[in-house]
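Survey of secondary and tertiary structure
Each chain is listed here by its residues.
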Amino acid sequence: MCFQLKKKEKKKMIIAVFIGFLLIKSWGIVTIVSTQEISENVEVKTTSGAAIIETPTEDLEPIIEQPVIENEKKLEITGEITPWIIAEDKDITSIEMNKIIFPLNDTSNSEGEEIVEKEKTVSLEQLYTLNVKSKGGLYLALASADQVPFQSLQLQIYADSALKKKIGKDYIMKADTKVIKNKSYYLSKAGTYYLRFTYNRSLETEEDTIENSKVFGMTAAFLYSNNRTLQEGKSLVSYADAKKRAIYYKVNIKKDGLISYLAMPEDGTSLLSGYIQLCDEEKEPVSVSEYVSNSEDNNQAVHAYYAVKKGTYYIKAELNTSYIANFTLEKVKDISGSSMERAKKLKLGGKEKKSVIFLSDQLKKEKWFCFRLKKNQNFSIVVNSCINGYLNIEVCNADRITVKSGSINFHTGTKILKTSAKWQRGIYYIKISKEKKSLKSSGYFSIKVED
């Protein structure tokens, strides 16, 4: 049924996780790819060959209006940063390192004033632009690419050319940095952003000023967080953080079936949690809003299931960390009776029968099964299901008197109804239907009776 991905889809997801893990959390791979661009002297602490990258756990700061300083010198644009767009599976070898180069032979400071002999510190600034076509998350990682000494490198990101609307906290890399670390920034809309770099260096001797330049290497990756179309069996990578901003994935369902939506952390290890809900083509909710978490699944994937008729839908995801999204559509069978009189027979100890309750089904839509006990005995009713919401299960006798009941709720799983004492021989009926309190439920299930 819906408990595991098909081999082909599973392989795709494993590849996607592997690539996401290398690219986002292991920026050290860039230093491996670009060995000609960054010095071998850059020390990168590694685990299994991958650089350790720290992702901020605190909420990102909103845009901060900076005070206007009169007669402030306008900083000229030095160049443009080209981010690596991570939207889906992509070849690792296409990563490119951005170079931030500070010329030192002019011995001038950030205000254009000549450094005199008594001054011991030089502070240089450069301004780069970065263009994005959508809102999303920007991941940055910096490293010193040569042996020219420095005190620190400070990076600030602005939403305007006047450098008044700062985004998030400053990225500060100090000279004693031993691990390449990344930092993420949420960019709320498409457009041009401005990256201001400030290079600080202490001059030990007069000869230090004759160095040609100081070079830093920087990787920049951008993950979309906009609404997109999700195609069956194809993965998309999306940016998310503690704000849990909603992303709507449009899915076109060409036949009736079970939607199996899957999301896994892009690094393959982080805790992923939040809410998932199915919406109609107008983005109005039509399913139960479901809380999901991978904390009990070894920090792997989270799932959501919807039994739907063909049409256009949106999967609304509000998750807490960047993730890889995918969905498949499973063909469903319905081997059940529509009433007690038409109940499908289950053989004690025999094969299971499958059935489905669609999202569009009304409360009166019922699924009926029956079985016979040839002697007084104990038994178990076993239901394996992929459910969103709640489905009700009742066992009644030939007089329609309910003798046992229960509910089947969220996610995949096995529900077992066991008798505590022997039941008298005879014919019994099983009814599975929606509950009054959960009309937006749906699911696919199999049922059997074991002795």
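Okay, so let's go over this structure. Sequence positions are assigned chain by chain, starting from 1 and proceeding in written order. Since the coordinates come from a predicted model, pLDDT governs what is reported: local features require at least 70, and pairs of side-chain atoms require 80 or more to be given and counted, while whole-chain, interface and lining totals use all residues. In computing side-chain properties, one takes all heavy atoms of the structure into account and sets aside hydrogens as well as water.

Brief notes about the overall build of the chain
By definition, any uninterrupted DSSP run of H or I lasting at least four residues is a helix, any uninterrupted run of E lasting at least two residues is a strand, and each is numbered from the N terminus. Of regular secondary structure, the chain possesses two helices and 31 strands. Between buried and exposed lies partly exposed: a residue is buried under 20% and exposed over 50% of the maximum accessible area for its type, with that area taken using a 1.4 Å probe on protein chains only. Considering the chain as a whole, with its 451 residues, one finds that 51% of them fall into the buried category. Residue exposure ignores everything except the shown protein chains as possible cover, and the areas themselves are Shrake-Rupley values with a 1.4 Å probe. A total of about 22,800 Å² of accessible surface is found on the chain, and carbon and sulfur atoms cover 46% of it.

With respect to the sheet that holds strand β18 (residues 273-279)
A pair of strands is treated as paired once DSSP finds two or more bridges between them. Taken in spatial order, the five strands make up an open sheet running β14-β16-β21-β18-β19, and their pairing is mixed. Of all strands in the sheet, those bounded by a partner on one side alone are β14 (228-229) and β19 (290-293). Bridging between strand β16 (residues 247-253) and strand β21 (residues 311-319) involves seven bridges; their strand directions are antiparallel. Paired with Ile 253 across the strands is Gly 311, a residue of β21.

Some words on the nonpolar core
Leu 140, Leu 187, Leu 195, Phe 197 and Tyr 199 are the most contacted members of the largest nonpolar core, which has 32 residues in total. Looking at this core, the elements with two or more residues in it are β6 (98-103), β7 (121-132), β8 (136-144), β9 (152-158), β10 (165-174), β11 (182-187), β12 (191-202) and β13 (213-224). Nonpolar cores are built from buried Ala, Val, Leu, Ile, Met, Phe, Trp, Tyr and Cys residues. Side-chain atoms within 4.5 Å join them into one set.

Here we look at the side chain of Ser 438
Secondary-structure assignment places Ser 438 in the loop between β30 (426-434) and β31 (442-450). The class of Ser 438 is buried, set by a relative accessible area of 5%. Residue contacts are defined here by distance: any two heavy atoms, one from each residue, within 4.5 Å place the two residues in contact. If sequence neighbours within four positions are ignored, Ser 438 has contacts with Val 288, Gly 389 and Tyr 390.

Quick look at the environment of Cys 370
Residue position: Cys 370 is located in strand β25 (residues 366-373). Judged by relative accessible area, which is 10%, Cys 370 ranks as buried. Between the C-alpha atom of Cys 370 and that of Ala 398, which follows or precedes it by 28 residues, the distance is 9.9 Å. Look past the residues within four positions of Cys 370 in its chain and what remains in contact with it is Ala 343, Lys 344, Lys 345, Leu 346, Ile 427, Tyr 428 and Tyr 429.

Side note on unusual backbone geometry
One non-glycine residue, Leu 163, lies in the positive phi region at around 60 degrees. On the secondary structure map, Leu 163 appears in the loop between β9 and β10. Judged by its relative accessible area of 10%, Leu 163 falls in the buried class. At Lys 283, a position not held by glycine, the phi torsion is positive, near 65 degrees. Considering the arrangement of structural elements, one finds Lys 283 in the loop between β18 and β19. Its relative accessible area of 32% is what places Lys 283 among the partly exposed residues.

Quick word on the side chain of Asn 388
Along the chain, the position of Asn 388 falls in strand β26 (residues 380-388). Here Asn 388 falls in the buried class, since its relative accessible area comes to 0%. Distance and chemistry together define a polar contact, namely a pair of N or O atoms within 3.5 Å, with one atom able to donate a hydrogen and the other to accept it when in protein, and with adjacent residues in sequence counting only for side-chain atoms on both sides. Side chain to side chain, Asn 388 and Glu 290 meet in a polar contact 3.0 Å long.

Let's talk about a positive patch on the surface
A contiguous patch of positive charge, built from Lys 345, Lys 347, Arg 372 and Lys 374, is present on the exposed surface. Here Lys 347 shows up in the loop between β23 (344-345) and β24 (353-357). Within this analysis, patches are made of residues with over 30% relative accessible area and no salt bridge. Like charges are joined at 9 Å or less; nonpolar side chains (Val, Leu, Ile, Met, Phe, Trp, Tyr) at 5 Å or less. Definition used for salt bridges: Asp or Glu carboxyl oxygen within 4 Å of a side-chain nitrogen of Lys or Arg. Lys and Arg are tallied as positive, Asp and Glu as negative. Neither His nor the chain termini are counted. The location of each charge is read from NZ of Lys, CZ of Arg, CG of Asp or CD of Glu.

Quick notes on the sheet that holds strand β15 (residues 236-238)
Here four strands make up an open sheet; going across it, the order is β15-β22-β17-β20 and the pairing antiparallel. Where the open sheet ends on each side, the last strands, each with one partner, are β15 and β20 (302-308). Taken over all neighbouring pairs, the strand axes of this sheet differ in orientation by 25 degrees on average, direction set aside. Relative to strand β22 (residues 323-330), β15 runs antiparallel, the two being bridged by three bridges. Within β22, the position partnered with Val 237 by the bridge is Ile 324. Only the stretch in contact is used when fitting a helix axis, every axis being a line fitted to C-alpha atoms; angles between N-to-C directions are given from 0 to 180 degrees.

A few points about the environment of Leu 223
Mapped onto the elements, Leu 223 comes out in strand β13. Among the residues examined, Leu 223 registers a relative accessible area of 0% and is labelled buried. Between the C-alpha atom of Leu 223 and that of Tyr 186, which follows or precedes it by 37 residues, the distance is 9.6 Å.

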